[in-house]
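Geometric and topological summary
Read off the chains here:
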Amino acid sequence: MEWIERLNQAIGYMEEHLTDANLSLNETARLMHYTPAYFGKYFKEQFGCTFQKYVASRRIECARNYLLKGNMSMQEIALKCGFTNDVTFRRTFKMYVGVTPSQFEKEHTM
């Protein structure tokens, strides 16, 4: 039962810090009092994906919401969703969604 509570605590921390570009497996593991290797392995077993993929997919979800609202630059969206810059944001978005953020915005805001 303790692991479930700790995992919920880790998810809470991750969600709270999702927009922080410095969110990392190492820091989250440290806060949970586990080694990064142990925490990473357990996280993947529980969620079926790596810590990094989970964070990236949640950040993409955040970006999609901003893109649907419109009126923000790609740089603003990237920074608000925890990406270090718009180049990384655009590349990650295309990898996860299959289209660029600009294409997504055009297709969904007409």
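Residues numbered from 1 in each chain as written. Predicted model: local features only at pLDDT ≥ 70, side-chain atom pairs only at ≥ 80, totals over all residues. Heavy atoms only, no water.

Observations concerning the layout of surface pockets
Rolled over the atoms, a probe with the dimensions of a water molecule shows which regions are left empty. Taken as a whole, the largest pocket holds about 200 Å³ of empty space. For the largest pocket, the full set of lining residues is Ala21, Leu23, Ser24, Leu25, Phe51, Gln52, Val55, Ala56, Arg59, Phe83, Thr84 and Thr92. The dominant element in the lining of the largest pocket, judged by the number of residues it contributes, is helix α4 (residues 51–69), at five residues. Tallied by class, residues from the lining of the largest pocket come to seven nonpolar, four polar and one charged. (1 Å grid on protein atoms, 1.4 Å probe; cavity = no way out; pocket = protein on both sides within 12 Å on 5 of 7 lines; lining within 4 Å. Points joined across faces, edges and corners; volume = space filled by probe spheres on them. Helix = DSSP H or I, 4+ residues; strand = E, 2+ residues; numbered from the N terminus. Nonpolar A, V, L, I, M, F, W, Y, C, P; charged D, E, K, R; others polar.)

Quick word on the packing of α4 against helix α6 (residues 86–97)
Orientation of α4 relative to α6, taken along the N-to-C sense of each, is 100°, at an axis distance of 10 Å. If you check the angle between α4 and α6, you find them roughly perpendicular. Contact with α4, carried on its side by Lys53, Ala56, Ser57, Ile60, Ala63, Arg64 and Leu67, involves Phe89, Thr92, Phe93, Tyr96 and Val97 of α6 and no other residues of that element. Tallied by class, the residues present in the contact of α4 with α6 amount to eight nonpolar, two polar and two charged. (Axes fitted to C-alpha atoms, helices over the stretch in contact; angles between N-to-C directions. Parallel < 35°, antiparallel > 145°, perpendicular 65-115°, else oblique. Contact = heavy atoms within 4.5 Å.)

Focus on the packing of aromatic side chains
The tally for this structure, following the rule as stated, stands at 10 aromatic pairs. Both rings, one in Phe83 and one in Phe89, keep their centres 5.3 Å apart while their planes meet at 50°; by these two values the pair is tilted. Here Phe83 falls in the buried class, since its relative accessible area comes to 6%. The exposure class assigned to Phe89 is buried, which follows from its relative accessible area of 0%. Put simply, the rings of Phe39, Phe43, Phe47, Phe51 and Tyr54 touch in pairs and so form one group of aromatic residues. (Phe/Tyr/Trp six-rings, centres within 6.5 Å; stacked < 30°, edge-to-face > 60°. Buried < 20%, exposed > 50% of the residue type's maximum accessible area, 1.4 Å probe, protein only.)

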